[in-house]
Amino acid sequence: SQTIHQWPATLVQPVGSPLSLECTVEGTSNPNLYWYRQAAGRGLQLLFYSVGIGQISSEVPQNLSASRPQDRQFILSSKKLLLSDSGFYLCAWSVPGGGEKLFFGSGTQLSVL
Amino acid sequence: RKEVEQDPGPFNVPEGATVAFNCTYSNSASQSFFWYRQDCRKEPKLLMSVYSSGNEDGRFTAQLNRASQYISLLIRDSKLSDSATYLCVVNGLNTGGFKTIFGAGTRLFVKA
């Protein structure tokens, strides 16, 4: 069966510090991968998605970036965090052509202070 | 107009009650529809897909009305454990390509 791992679960970082969140998927090949952010009390905002290794699409301009160095690994990064980067970050995967049912990792609660 | 709109609630209902949520979407080319459940500080989890013919999973019934562009979720015999936020999700083609759009969610509190 397929599983998705995301870490860390919580993170407190000072403004201006770098960020690296990692997500890995097991039990499937060539998944579509996604990074979402959810601000407190708000809906999910798609940040990046990837249909293959090295293929990244960005949905919103920001100081975040994403990379997919391996088929089942998706990394969210920032060189310098802003206060506005605080939020609940969720990695997700879907089967290509599978009607876009998304399966989420357990999320990372990021607080930028 | 938002692409996917939901009443944020909260809906406060007693155990055993029947409660219904609606969700409207703006893109008539939308192709697939889902309801997700999200507990506080947790990830969303797929609850059920929504089909034009309507579909049922235990106490949960989902319905799609393409003509009016809304989907609904009915929960019968509410349990305390049903307390959560319910997210409406719509997939379809738009000017930017294939998109998955999440509603902001409807909060449900089931009370003893």
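Data block above holds the structure.
Residues numbered from 1 in each chain as written. Chains lettered and ligands numbered in written order. Predicted model: local features only at pLDDT ≥ 70, side-chain atom pairs only at ≥ 80, totals over all residues. Heavy atoms only, no water.

Turning our attention to the overall build of chain B. Summing up its helical and strand segments, chain B has 0 helices and 11 strands in all. Against the 2.2 N^0.38 benchmark of 13 Å for 112 residues, chain B shows a C-alpha radius of gyration of 14 Å, consistent with a compact globule. Counting only C-alpha atoms, chain B reaches 45 × 30 × 20 Å along its principal axes. Counting across all 112 residues of chain B, residues that qualify as buried make up 46%. The contacts in chain B between residues at least 6 apart in sequence include a share of 57% that link residues at least 24 apart. Accessible area of chain B: about 5,600 Å², with a carbon and sulfur share of 49%. (Helix = DSSP H or I, 4+ residues; strand = E, 2+ residues; numbered from the N terminus. Rg over C-alpha atoms; globule rule 2.2 N^0.38 Å. Buried < 20%, exposed > 50% of the residue type's maximum accessible area, 1.4 Å probe, protein only. Contact = heavy atoms within 4.5 Å. Areas by Shrake-Rupley, 256 points an atom, 1.4 Å probe, with all protein chains shown as cover.)

Relative to the helices and strands, Ser72 of chain B resides in strand β8 (residues 70–75). Sequence-distant contacts of Ser72 of chain B, that is, excluding residues within four places in its chain, are made with Phe21, Asn22, Trp35, Thr61, Ala62 and Gln63 of chain B.

Every contact between the two is made by 18 residues of chain B and, on the other side, 15 residues of chain A. Carbon and sulfur atoms make up 57% of the area that chain B and chain A hide from each other, which totals about 1,300 Å². Linking chain B with chain A are 0 salt bridges. Counting across the interface, chain B meets chain A through 2 residue pairs in polar contact (both at pLDDT 80 or more). Along the lines of polarity and charge, the residues of the side of chain B that touches chain A split into 8 nonpolar, 6 polar and 4 charged. (Buried area = accessible area lost by both parts, 1.4 Å probe. Salt bridge = Lys/Arg side-chain N within 4 Å of Asp/Glu carboxyl O. Polar contact = N/O pair within 3.5 Å; in protein donor to acceptor, adjacent residues only side chain to side chain. Nonpolar A, V, L, I, M, F, W, Y, C, P; charged D, E, K, R; others polar.)

Looking now at the sheet that holds strand β7 (residues 64–70) of chain A. All names here are of chain A. The sheet built from 4 strands is open, its strands ordered β1-β3-β8-β7 with antiparallel pairing. The open sheet has two edge strands, β1 (3–7) and β7, and neither has a second partner. Adjacent strand axes in the sheet meet at a mean angle of 15° when their direction is disregarded. Sheet topology note: the β1/strand β3 (residues 19–26) ladder contains 5 bridges and is antiparallel. Following the sheet pairing, Thr3 is matched in β3 by Glu26. (Pairing = 2+ DSSP bridges. Axes fitted to C-alpha atoms, helices over the stretch in contact; angles between N-to-C directions.)

All names here are of chain A. Both strand β4 (residues 32–38) and strand β5 (residues 44–52) contribute to a ladder of 6 bridges, which runs antiparallel. The residue of β5 that forms the bridge with Tyr34 is Tyr49. Count of turn residues in the β4/β5 antiparallel hairpin: 5 residues, of which Gly41 carries a positive phi of about 70°. The pairing of β5 with strand β6 (residues 55–58) spans 3 bridges and is antiparallel.

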